[in-house]
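# Breakdown of the fold
Chain by chain, the residues:
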Amino acid sequence: MALIARRMSRLGTENAFKLGDDIQRCVDRGMDVIRFNLGAPDFRSAPHLNRVASEALDAGRSGYCDPAGILPFRQAIAAHVTRTRGTEVGPDRVVVTPGAKPPIGYTLQTYVDDGDEAIYPSPGFPIYESWVRFVGAVPVPLHLSDERDFAFTADDLAALITERTKVIILCSPSNPTGGVLSRAGLAGIAELIRERCRPDIRIYSDEIYEQILFDGLVHESIVSHPGMEERTVVASGHSKGFAMTGWRLGWAVLPTAEEAAIFKRININIMSCVPPFLQEAGVAAYEDPASAVEVRRMVGEFEKRRDWIVPALNALPGVHCRTPRGAFYVFPDVSGMCERLGVHRAHATLPAGARSRTSPAGMLQMFLLYRYGVATMDRASFGRIGAEGQDFLRLSIANSMDDIRRGVARIGEAAGDAEGFARFIAEEAAILR
Ligand code: PLP
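All values reported here derive from a predicted model rather than from experimental measurement.

### Quick notes on the pattern of salt bridges
What the rule picks out here adds up to 29 salt bridges. Between Arg 325 and Asp 215 there is a salt bridge whose closest N-O contact spans 2.8 Å. Taken as a pair, Arg 325 in the loop between helix H11 (289–314) and strand S9 (329–330) and Asp 215 in the loop between strand S6 (202–206) and strand S7 (232–237) lie far apart in primary sequence, 110 residues in all. Looking at Asp 215, the relative accessible area reads 37%, which means it is partly exposed. Several salt bridges share partner residues, and in doing so they unite Asp 215, Glu 303, Arg 306, Asp 307 and Arg 325 into one network.

### Some details on the pairing of strand S5 (residues 165–171)
Among the 7 residues of S5, 7 are classified as buried, and the element is accordingly described as predominantly covered. Alignment of strand S3 (residues 117–122) against S5, held across 3 bridges, turns out to be parallel. Note on S5: the bridge partner recorded for Ala 118 is Val 167. Bridging between S5 and S6 involves 5 bridges; their strand directions are parallel. Within the sheet, the bridge partner assigned to Ile 169 lies in S6 and is Tyr 204. The parallel pair S5 and S6, bridged by helix H8 (residues 183–196), forms a crossover whose chirality is right-handed.

Here is what the cut-offs are and how they apply
Per chain, the residues get numbers from 1 upward, laid out in the order the sequence is written. With pLDDT at 70 or above as the cut-off, local features in this predicted model cover only qualifying residues; side-chain atom pairs require 80 or more to be listed or tallied, and sums for whole chains, interfaces and linings still use all residues. Heavy atoms throughout the structure, all of them, feed into the side-chain values; hydrogens and water do not. Every case where a carboxyl oxygen of Asp or Glu lies within 4 Å of a side-chain nitrogen of Lys or Arg is listed as a salt bridge. Helical segments are the DSSP runs of H or I of at least four residues, strand segments are the runs of E of at least two, and each set is numbered from the N terminus. Under the scheme applied here, a residue whose accessible area is under 20% of the maximum for its type counts as buried, over 50% as exposed, and between as partly exposed, the area being computed with a 1.4 Å probe on protein chains only. Think of it this way: DSSP has to see at least two bridges between two strands before they count as a pair. When the strands point away from the viewer and the connection leading from the first strand across the helix to the second strand turns clockwise, the crossover is called right-handed.

Nothing here speaks to function; it is geometry throughout.
Spelled out as structure tokens, the structure:
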């Protein structure tokens, strides 16, 4: 009998957190590290929201509460979804969770049996692939390509749907690509699902970046299309749009109250409830007009940074970067840079174990971090299955303009440092995982 249950070998991770140890090692070596790896806005939660939470605490609202979420918060979420998605949602279909991450696992645990298939975007948020594998589903990555602006069509999805398809995960705006699904694109996907899928499949629509859109775009959701409300779990929360990552405020809207009761039961089994004083601030985020002002200010800043960084990256040799339309990431193709630095060659000569644990983009990521103090995320951090041969890095623009400029300048220097890369490989074999 083994100490650790077999299923734990299937649980993945989120490298954005895992990279922390490498960053700390660099900081301990005296380096100044620019953190392009982080998926958290570099803004504070708004003062009017902080006040609501601290007043609720002072008033003694510090005990357990309804495991589904306090009613005023569920009502505010239902009203928000009704207003922004054009579907009539009541609070009995809403469950509050600690962030928008838990509903991913809740969905896969609730709907998927061994051997069912789950389709998810790749590159995509790594927790999708992690949970798909953990629950014993068959992972079916929907590969998004740079040449097609990381978009996909109903035809691409149609090729992956089978009798065993049970869950289809969508994410728009997307982490890591910044791609945004259009209303017309979603209409085509909805039509396909109506025609090809059983009524008991579930779409998981991850809309955590719903507030962060550029170029005047407005958020679009699959749930707004005919026949989708009864099949879709919509998930979002306060982490990104309201700059509240540490608060752990998220939610899911389920197709039925019965399904919401299952999510509530999972909450009860895992963490009882989300702190009630935080949920009160969650209500204010939707209802206080001051929130919209803060969101606009932050999104305006992200858009300015995007407008600066995309051409700056494209000016570097061997880098090609698309223009994201939402979220706060850029996802450049760095294959030319890998080629110039000799990364592909170095990767090919690694011992087999090390070679399969890393990738050329992963080696470049470590070179940039350990030699130039720039933390980024490699392509394989966003879904490993089928990621071979794809040289991309994700850079978060949730950094000051000054840091973004300094970071891009460092990447530019690194791009011309083939000798430095060769030395790095020779000196730091141990960190190339
Ligand atoms: N979904 C996506 C696409 C994300 O990028 C993230 C966070 O990076 C989450 C969900 C999780 O959000 P939260 O921090 O609210 O749990």
